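Remarks on the overall topology
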Amino acid sequence: MALILVVTGCAGGTGAGSGTDKADSLTVLDYYTDASEHAQWGEMLTACGRTAGVRIEHTSVPPASLVPRVLRQASSRTLPDLLMLDNPDLQRIAQTGALTPLDRYGVDTGGFAEGILSAGTYRGEVYGLAPYVSTVALFYNKDMLAEAGVAVPRTWGELKDAAAELTGPGRYGMAVDASATFESSWQFLPFLWSNGGHEKKLDTPQAAQALRLWVDLVESGSMSKSVLNWTQADVHDQFAAGRTAMMINGPWRIPALNEDGNLRWGVAPVPVPRAGRTPVTPLGGEVWTVPRTSSEARQEKAARVLACLNDSSNMLTLAEQHFTVPSRTAVAARYAERNPSMTVFTRSVETARVRTGELGVRWPEAATGIYTAVQSALAGERTPEEALGDAQRIATGD
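Okay, so let's go over this structure.

Quick notes on the rules
What you see as residue numbers is a count from 1 along each chain, following the sequence as written. With pLDDT at 70 or above as the cut-off, local features in this predicted model cover only qualifying residues; side-chain atom pairs require 80 or more to be listed or tallied, and sums for whole chains, interfaces and linings still use all residues. Water and hydrogen atoms play no part in the side-chain values, which are based on all heavy atoms of the structure. Runs of E in the DSSP output that reach at least two residues are strands. Runs of H or I that reach at least four are helices, and both are numbered from the N terminus. Two things to know: the radius of gyration comes from C-alpha atoms, and the globule rule equals 2.2 Å times the number of residues to the power 0.38. The classification of residues rests on relative accessible area computed with a 1.4 Å probe and restricted to protein chains. Under 20% of the type maximum is buried, over 50% is exposed, and intermediate values are partly exposed. Here a residue-residue contact requires only that any non-hydrogen atoms of the pair lie within 4.5 Å. Note that accessible areas follow from Shrake-Rupley with a 1.4 Å probe, and for residues the cover is restricted to the protein chains shown. Positive residues here are Lys and Arg, negative ones are Asp and Glu, while His and the chain termini are left out of the count. To locate a charge, the coordinates of NZ of Lys, CZ of Arg, CG of Asp or CD of Glu are taken. Here, a disulfide means two cysteine sulfur atoms that sit within 2.5 Å of each other. Definition of nonpolar core: a set of buried residues of the types Ala, Val, Leu, Ile, Met, Phe, Trp, Tyr and Cys, connected through side-chain atoms within 4.5 Å.

Counting its regular elements, the chain contains 16 helices and 14 strands. Taken over the C-alpha trace, the chain has a radius of gyration of 22 Å; the compact-globule value for 398 residues is 21 Å, and the two agree within 12%. Along the first, second and third principal axes, the C-alpha atoms of the chain reach 65 × 50 × 40 Å. Residue burial in the chain is summarised as follows: out of 398 residues, 56% are buried. Long-range contacts, defined as pairs at least 24 residues apart, comprise 76% of the intrachain contacts of the chain with a sequence gap of at least 6. Total accessible area on the chain stands at roughly 15800 Å², and carbon and sulfur atoms take up 49% of it. Placing the 35 positive and 43 negative side-chain charges of the chain at their respective mean positions leaves the two points 3 Å apart.

In structure tokens form, the structure reads like this:
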């Protein structure tokens, strides 16, 4: 995907790399390359730029290009004035010294759920704030479940039974993203964490039980083996086309689901191992940061724009635009009242965990181990125990 560049107003400077303290414009970098998403963020950034008295030069690059670009810019001291990062990436960027703590500028961090605030924290200091967050849940086709006389599954046992009942010609009962990507690790975490498994030690019985659930769904024919190649977008497409009755996915899929007037769908918490447990899901979302540049004046203006993005009114607007959850607890409660389809996600976010919370900069190695194990076990190459033993070695570098 080609880089998208949008410039608002006259170019009053070229960012931190320009070697000037002029603060009448700020450069902004994110990965919102989708045309409508880019435009929505451009409007919000422009509005917040006005509150800080600056023009905004907004650049979006493909997600896979963002961190490599930022690392190069950090090395050459040409970082943008305001930078968006996927929250698992904040740790390794902050580790380089490329970011400034937000308390230096008096940015309000009150009212954020603890897990959400920790997503932008490195070594006890807050470097990033997310206007909104997300997680995953179980989507289901209401008509298919009703026709089969199947209740919405709440436990793993109920999930296996429901998936089997809902599987038939041209249709699977369940679908997940089991691709060789971090998306697969993200989707597996609710099953791992809700069963007492842990990313610090992947070769445990609790982790093996979680992976066995996915293996059983594939081996029983209730889930297509093609999930090994399906992204979250592919899983959505299968669900929307009626080729799977249930799926694990995020709230960002809701706008597309709503476009089909004939599709009656519902959403429920991710099933748990046993009744009475609370699902533990991963916290998604992007944090906004102020990179360290040669201009203190520009950093202060960038912090003002960041604070504006995270004020209660703007985070509510952004969450409604993107079908995500506002990061301040009180705002999220009001949002759920106005958007009932988001209630499950709002509640799940309250107990959601940030992926880097335990491992910090070592999370990518664990994530690689997890999706490698998922691929190996679902392909029938290794047992869940063997696959997770390999995953632990990948995670620790042994």
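Structure's up, so let's keep going.
Attention shifts here to the state of the cysteines. The final tally for this structure, using the stated rule, is 1 disulfide. Here Cys48 pairs with Cys308 through a disulfide, and the sulfurs are 2.1 Å apart. Between Cys48 and Cys308 the sulfur-sulfur dihedral comes to about -75 degrees; the bridge is accordingly left-handed. Here Cys308 lies in helix 11 (residues 296-309) and Cys48 lies in helix 1 (residues 35-52), a separation of 260 residues in the sequence. In this structure, Cys48 and Cys308 share a single accessibility class: buried.

Attention now goes to the nonpolar core. Counting 129 residues, the largest nonpolar core has Leu82, Met174, Trp214, Met246, Trp288 and Leu378 as its most contacted members. Here this core takes 9 residues from helix 8 (residues 205-219), the largest share from any one element. Aside from chain neighbours lying at most four places away, what touches Leu378 is Ala178, Leu211, Trp214, Val215, Val218, Lys225, Val227 and Leu228.

The subject of this paragraph is unusual backbone geometry. For residues besides glycine, phi is generally negative; the peptide bonds are generally trans as well. Its identity is not glycine, yet Arg77 carries a phi of approximately 60 degrees, on the positive side. Structurally, the position occupied by Arg77 is in the loop between helix 2 (63-76) and strand 4 (82-86). Of note, Arg123 is a non-glycine position whose phi angle comes to about 50 degrees, a positive value. With respect to the helices, strands and loops of the structure, Arg123 is situated in the loop between strand 5 (121-122) and strand 6 (125-126).

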